[in-house]
Structure formats: structure tokens, C-alpha cells
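# Overview (structure and organization)
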Amino acid sequence: MSTENVADTKQVVLIGAGIMSATLATLLKKLNPGISISIFEKLDVISGESSNATNNAGTGHSGFCELNYTPQKEDGSVDISKAINVAKSFELSREFWSFLVKEKTIINPQEFIQAVPHMSFVWGEENIDFLKKRWELLKEHPLFKGMEFSDDWDEIASWIPLMMENRSKEEKVAVTKMPAGTDVNFGELTRKMLLGLFYEKEIDLHMAHEVKDIHRNSNGKWEVKVKNLTTKKKSIVEADFVFVGAGGRALNLLEKSKIEEIKGFGGFPVSGEWLVCNNEEVIKNHHAKVYGKAKVGAPPMSVPHLDTRLINGKPSLLFGPFAGFSTKFLKNGSYWDFFDSMKKDNIGPMLSAGAQNIPLTRYLIEQVRQDKKDKIESLREYFPNAKSEDWDQKTAGQRVQVIKKSGRGGILQFGTEVVSCKDGSLAGLLGASPGASTAVAIMIDLLQQCFPEKFESEWKAKIQEMIPSYGKENLDEAYYNESRNKTAQALGLSAISEDENIPVLR
Ligand SMILES: Cc1cc2nc3c(=O)[nH]c(=O)nc-3n(C[C@H](O)[C@H](O)[C@H](O)COP(=O)(O)OP(=O)(O)OC[C@H]3O[C@@H](n4cnc5c(N)ncnc54)[C@H](O)[C@@H]3O)c2cc1C
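Residues numbered from 1 in each chain as written. Predicted model: local features only at pLDDT ≥ 70, side-chain atom pairs only at ≥ 80, totals over all residues. Heavy atoms only, no water.

### Digging into the overall build of the protein chain
Condition: Secondary structure counts use DSSP, requiring at least four H or I residues in a row for a helix and at least two E residues in a row for a strand, with both numbered from the N terminus. Based on C-alpha atoms, the radius of gyration is set beside the globule rule, defined as 2.2 Å times the residue count to the power 0.38. Residue burial is assigned from relative accessible area. The probe radius is 1.4 Å, only protein chains are included, and a residue is buried under 20% of its type maximum, exposed over 50%, and partly exposed in between. We call two residues contacting when some pair of their heavy atoms lies within 4.5 Å. Computed with a 1.4 Å probe, the accessible areas rest on the Shrake-Rupley method; for each residue, only the protein chains presented here act as cover. We treat Lys and Arg as the positive residues and Asp and Glu as the negative residues; His and chain ends play no part in the count. Charged side chains are reduced to one point each, which is NZ for Lys, CZ for Arg, CG for Asp and CD for Glu.
Secondary structure summary: the protein chain contains 15 helices and 22 strands in total. At 23 Å, the protein chain has a C-alpha radius of gyration in line with the 23 Å of a compact globule built from 506 residues. Considered along the principal axes of its C-alpha atoms, the protein chain spans approximately 75 × 50 × 45 Å. Considering the protein chain as a whole, with its 506 residues, one finds that 58% of them fall into the buried category. Counted over contacts in the protein chain with a minimum sequence separation of 6, partners at least 24 positions apart contribute 72%. Accessible surface for the protein chain amounts to roughly 21,800 Å². Of this, 50% is attributable to carbon and sulfur atoms. Put simply, the protein chain has 64 plus and 68 minus side-chain charges, and the middle of one group is 5 Å from the middle of the other.

Printed below as a string of C-alpha cells:
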């Protein structure tokens, strides 16, 4: 039992100021303008963790280039269902962001989204075969129209000259190219959404406030115990609904709430590192996000990619992420996070998941042992002329992969999972991938899960007004063409000019 008095009462408390809380707060305010919301963020900046531009890869995941979304089955066939789901989810995001721009909740969208072609790059007969099969299936789907395939050395060199310089013409390579790809600065988007909400009533954002505990009181409400990290003062805020959008720390906070539904869940932290190019001449010569194939044992999010990014208005070039291991659950977290998350009910699933993922453990050990020289060698598989002095190492965000009970053991999964209590009054998000790109779809699902009656009777229709493709199945090519054109126009989608690094409209 706490000794403090309740300092404030809110309908909704959101923990963390990352893309997920910002998306949920914006959706809730659009659906129910009078709702009272408090957001607590332990850092003194908005989106200082995974949502920050250099902590993630900034790919608007649409299934265009990520080969792990189209696994090859044992019989050789390629399963494209996950890529289609991711593409559909990203269309929801584009439609929602466009709606926010049109009604001026957010301004200057070109500061957070750019058109950058998405490509997949493979070498060797077997991989080329796989890429071609994947392309033949995808190009027939309305969401993937316009995808091109090439195994012609010269054509590929015209698409990605940097990657073909000093590469033997004898080497067999193949590429798919999707012009409709995007680069997204999710940190900037988060700031824009939260700033947009400042004009609304009944919403407050408390920076440098850490949530220490959550428990249900005798009135059935949630008491959220918060520490002001500047004054060191603790207070309690009472809420009808709590969302734990604390990124990697969501697991620990959900455990503190003692909801039944979190039992058996564990977390496996994977850290990351980029190589960041510091040579402007090199940066100028690459204009794509180019994803390769993951090595055996690599977690799906450790697929290497060479990415054009626009960070704070400046074109940049990043390669990675290289995976690593740290017991922290946040980049600014504590080495105790992992141990703190271990409970009687999740030790079994965690040990079992560990035992089943020996190749992953081996891969992580190998990655941790890599020095800059090894990393530059990996980069040279993509960019043969890479010079070590042109690249700096930079730590990326921390991901906590979900471990959950499965039969008598546990499994490690690489997606995201919303965990909510039975009456829907508390929910949290575990996991990271495909993550920020699909924040809109994830948060709509969360609303449906936690507020089923209100959702069906009122909110669903309002969501369909804001996001026209929501809830519609089997939309055709004409629909997606028109929708992509409209959202491209609303978001001012522009590409970084191949000649001068000047944004041009697409
Ligand atoms: C290396 C890497 C590459 C990625 N690439 C992509 C990509 O290309 N495309 C994509 O769509 N997604 C990508 N992701 C995933 C994406 O970044 C995440 O899914 C997304 O940012 C998660 O947002 P969030 O709001 O849940 O968490 P976060 O952005 O981590 O925000 C959580 C916030 O909660 C705060 N917090 C934590 N504990 C407390 C507490 N006790 N009290 C108060 N505040 C607290 C933290 O300080 C933080 O600000 C990538 C992630 C990583 C790590």
C-alpha cells in the first residue's frame, strides 16, 4: 500500500513518450476530444529511445525489401502473406498521417517522411532464384505493383552505382526495386504528434517523470506512482485506463501491475550498432534502402542494409544494424533490467527459449566479438570500395524480443504483442518488429481489444473516416493507386535528388 495521496485523477495515463504513446494519444483525442490524458516520460526529451531517428533504421516497413517477411518454405515455395500484412498496415499509417496533415494536427510532413526506393540485393544462384520467385508473386498483388526485378549487371549499376563499383562483372547478383518505398524519421513524427496535441484541452505531458509502480486500488482504478526526477518528489495519479508504452521496460512495468495476463512472458534484449558514413561524396552516390539476406542464426531484425536516410534535414548513409547483447532493456536503461524481469513464472519459458535458440546465441557471441575491421568487411559485401575512415560506429536502440509460454516450454518471437488485462483497463506493448511503421494498426487493435463496445458502436466508423482502408478487405489496384497518390501528395512525399541531394517531388 502506498503512503502518498492521489495527486490527480485522469481517464487515461500513458507511460513513455515514444511513437506508440504518441499514436495512441492522438487516436484517443480524435475519437473522444474531451478525454483527459497524462503522459509520463522519464527522459527529458521526447522519443529519446527506440523511436529516435538514429536508434532505429527509419524504414517505412511495407514488405517491399525485407526478405525475412517472405520466408522460403521447405518445398521451395515463398510465403508472401506477412509482407502483404505489413504493406496493408503501412497504408493505414500513411492514411492516418495524411489525415493529421490535412487537418493541421501535424505540419511540414517532409521533415519526417521521404520517398526512398526500397530494394533487395542478393548474390549467388540460390538467392537469386528465391528473389525472382518472391518478385513474381509480389508484383501481382495490388500493394506491390511497380516492383521491378533485375539480374542485369549494368541495369543494377544504374540503380545502385555505389554498390557495383569495383564489383566483378562475373559476380551473379540480383535486385528488386520498389519506387514507392519511404524513409521515416519516427522521432520527428512523435514530436510532431505530441506538439499537435498541445493545442487540445485535457492533455498534459510530464518530462523527466519516471513511473515507478502501478497497482489497482480498492475502487478498481489504477494508481500510477510517479517520481519527478528533477525535484525527486513522488506522487500518485489515478487512472481508469493505463497504457504501458515504455518500450523495452514495458515488460517490467506490466509485471509490477500484477495482471494475470503477463505471467509467463519474458524478454530477450538485443542491442545494435550502425556504421554511419561521414563522407558527403559517398553519401551523395547512394539513393535507396537496400536490404540483404540475414546470415544463419541472425535474428530477423539484424538483416544488413545500406540505407539512405534524411536525419534533421541532412541526407545520411547508415549500414547495419550489427547485433549485440546487453542486459539493458533501454539504451538509457540499467544493466539490472534483464535480471529484474525474471520471475518465477517466466524462468521456465526463458530457459526453454534459450535452449531452442542456440544458433541465435552463437550468432550474437560472434557479433559481439566483431571489431570495426570486421564490420567494414561486412559492409564491403555491399559496398566493395568502402574505406574504414569514412565510417563511424554508433550505438542503435535496444530491442527486447518477446519470450512467451508455449506448451510446457517457451518460444522466442520477433513480432510485437499487446498484453491487456481481462477488463481492458490496462495494456502494454511488448516486442519491436515491424514496430513504429505499424504503430497505427497496433494501436487501433489495442483500442478494439480494450474498449470493444465503444469501438464497435462509435469509434470504428470514426476511424474509417480518418483511415479509409481500415477494415476493408481485398482492395484493388485502382484503390491503392489512388490512395498512394493522395497520401503522397498530402505528405509532400519527395525523394532526395540523385544529382544534388535536393528534395524533388515524386
Ligand atoms: C536497431 C533498431 C532498428 C529499428 N528499425 C525500425 C525500422 O526501420 N522501422 C520501424 O518501423 N521500426 C523499427 N524499429 C522498431 C521501432 O523503433 C520501435 O518499434 C518503436 O520505436 C517503439 O516505440 P515505443 O513508443 O514502443 O518505444 P520507445 O520509443 O522506446 O519509447 C518508450 C519510452 O518510454 C520511456 N520509459 C521507459 N520506462 C519508463 C518509465 N518507467 N517511466 C516513464 N517513461 C518510461 C522511455 O524513456 C522511452 O522514451 C527498430 C528498432 C531498433 C532498436
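### Things to note about the environment of Asn32
Topologically, Asn32 is positioned in the loop between α1 (19–31) and β2 (37–40). The spatial distance from the C-alpha of Asn32 to the C-alpha of Trp459 is 8.7 Å, given a sequence separation of 427 residues.

### Some words on the site of the ligand
Defined as follows: Note on terminology: near, applied to a residue and a molecule or strand, indicates that one of the residue's heavy atoms is within 4 Å of it. Pairs of N or O atoms within 3.5 Å make up the polar contacts considered here, provided that, within protein, one atom can donate a hydrogen while the other can accept it, and that residues adjacent in sequence are counted only when both atoms are side-chain atoms. Residue type decides the class: Asp, Glu, Lys and Arg count as charged, Ala, Val, Leu, Ile, Met, Phe, Trp, Tyr, Cys and Pro as nonpolar, and the leftover types, Gly among them, as polar.
Taken together, 37 residues are adjacent to the ligand, and Glu41, Ser51, Thr59, Val211 and Ser437 come closest. Within the side chain of Glu41, one N or O atom sits 2.6 Å away from an oxygen atom of the ligand. Ser437 has a polar side-chain atom sitting 2.6 Å from an oxygen atom of the ligand. Burial of the ligand by the surrounding chains reaches 97%, relative to a free accessible area of 1,000 Å². Tallying contributions element by element places strand β9 (residues 209–216) first for the shell around the ligand, with three residues. Considering only residue class, the shell around the ligand consists of 16 nonpolar, 15 polar and six charged.

### Some words on the nonpolar core
Soluble globular proteins tend to pack their nonpolar side chains together in the buried interior. Filter applied, for reference: Joining through side-chain atoms within 4.5 Å is the link that ties buried Ala, Val, Leu, Ile, Met, Phe, Trp, Tyr and Cys residues into a set, and such a set is a nonpolar core.
In terms of nonpolar packing, the biggest core is built from 55 residues, with Leu24, Ile37, Trp97, Phe243, Leu446 and Ile467 touching the most fellow members. In terms of residues, this core owes the most to one element, helix α13 (residues 439–450), which gives nine residues. Among residues more than four places away in sequence, those in contact with Phe243 are Val13, Leu14, Ile15, Met20, Ser21, Leu24, Ala427, Gly428, Leu429, Met443 and Leu446. Counting 38 residues, the second largest nonpolar core, distinct from the first, contains Ile15, Leu253, Phe268 and Val419.

### Some words on the side chain of Arg94
The condition is simple: Salt bridge, as used here: a side-chain nitrogen of Lys or Arg that lies within 4 Å of a carboxyl oxygen of Asp or Glu.
Along the chain, Arg94 falls in helix α2 (residues 81–102). Among buried Asp, Glu, Lys and Arg side chains, Arg94 stands out as unpaired, with Glu91 the closest opposite charge at 4.5 Å. When neighbours within four sequence positions are excluded, Arg94 is seen to be in contact with Ala180, Thr182, Arg484, Thr487, Ala488, Leu491 and Leu493.

### What about the packing of aromatic side chains?
For any pair of aromatic rings, the description rests on two quantities: the centre-to-centre distance and the angle between the ring planes. Under the convention used in this document: Pairing of aromatic rings covers Phe, Tyr and Trp, the last counted by its six-membered ring, and requires centre-to-centre distances within 6.5 Å; plane angles under 30 degrees mean stacked, over 60 mean edge-to-face, and any other angle means tilted. We count a charge as sitting over a ring when the NZ of a lysine or the CZ of an arginine lies within 6 Å of the ring centre and within 35 degrees of the ring normal.
All chains considered together, the criterion is met by 20 aromatic pairs. Both rings, one in Phe90 and one in Trp97, keep their centres 5.7 Å apart while their planes meet at 80°; by these two values the pair is edge-to-face. An identical accessibility class is assigned to Phe90 and Trp97; each is buried. Ring plane angle 45° and centroid distance 5.9 Å describe the contact between Phe121 and Tyr382, whose orientation is recorded as tilted. Pair noted here: Phe121 is in strand β4 (residues 118–123) and Tyr382 is in helix α12 (residues 372–382), with a separation of 261 residues, a long-range link. Both residues of the pair, Phe121 and Tyr382, belong to the buried class. In textbook terms, an aromatic cluster arises when at least three aromatic residues are bridged by ring pairs, as seen for Phe268, Phe325, Phe329, Trp336, Phe338 and Phe339. The positively charged end of Lys139 is found above the aromatic ring belonging to Trp135, 5.0 Å away from the centroid. A cation sits over an aromatic face here: Lys375 above Phe322, 5.6 Å from the ring centre.

### Remarks on a nonpolar patch on the surface
To keep things clear, this is the line we draw: Each patch is built from salt-bridge-free residues with over 30% relative accessible area, joining like charges within 9 Å and nonpolar side chains (Val, Leu, Ile, Met, Phe, Trp, Tyr) within 5 Å.
Together, Leu195, Phe198 and Tyr199 make up a nonpolar patch on the protein surface, roughly 410 Å² of accessible area in all. With respect to the element layout, Phe198 can be found in the loop between α6 (186–197) and β8 (203–206).

### Focus on the packing of α1 against α2
Our working rule: Interaxial angle, 0 to 180 degrees, is taken between N-to-C directions of lines fitted to C-alpha atoms, where a helix line uses only the stretch in contact. Roughly parallel here means an angle under 35 degrees, roughly antiparallel means over 145, roughly perpendicular means 65 to 115, and every remaining angle is called oblique. Definitions for this section: a left-handed crossing has its near helix turned counterclockwise from the far helix by less than a right angle. A right-handed crossing has that turn clockwise.
Following both chains from N to C, one finds α1 and α2 inclined at 60°, their axes separated by 13 Å at the closest point. Put simply, α1 runs oblique to α2. In terms of crossing hand, the pair formed by α1 and α2 is left-handed. Only Phe96, Phe99 and Leu100 of α2 make contact with α1, whose side of the interface consists of Thr26, Leu27 and Lys30. In the contact of α1 with α2, the residues fall into four nonpolar, one polar and one charged.

### Focus on the pairing of β9
The side chains of a regular strand alternate, first on one face of the sheet and then on the other. This is how the line gets drawn: Pairing between strands is defined by DSSP: at least two bridges between them are needed.
Pairing analysis gives seven bridges linking β9 to strand β10 (residues 222–228), with the strands arranged antiparallel. Residue Arg216 lies in a different strand from β10, and its bridge partner there is Trp222.

### Some details on the pattern of salt bridges
This structure, assessed with the given rule, holds 30 salt bridges. A salt bridge links Lys192 to Glu188; the shortest N-O distance between them is 3.9 Å. One end of the pair is Lys192 and the other is Glu188, both in helix α6 and four residues apart, which spans about a single turn. Like Lys192, the residue Glu188 is buried in the burial classification. Notably, a salt bridge pairs Glu458 with Lys454, separated by 3.1 Å at the nearest N-O pair. Separated by four residues within a single helix, Glu458 and Lys454 lie in helix α14 (residues 452–466), roughly one turn from each other. Here Glu458 falls in the partly exposed class, since its relative accessible area comes to 34%. Within the structure, one salt-bridge network assembled from shared partners comprises Glu111, Glu188, Arg191 and Lys192.

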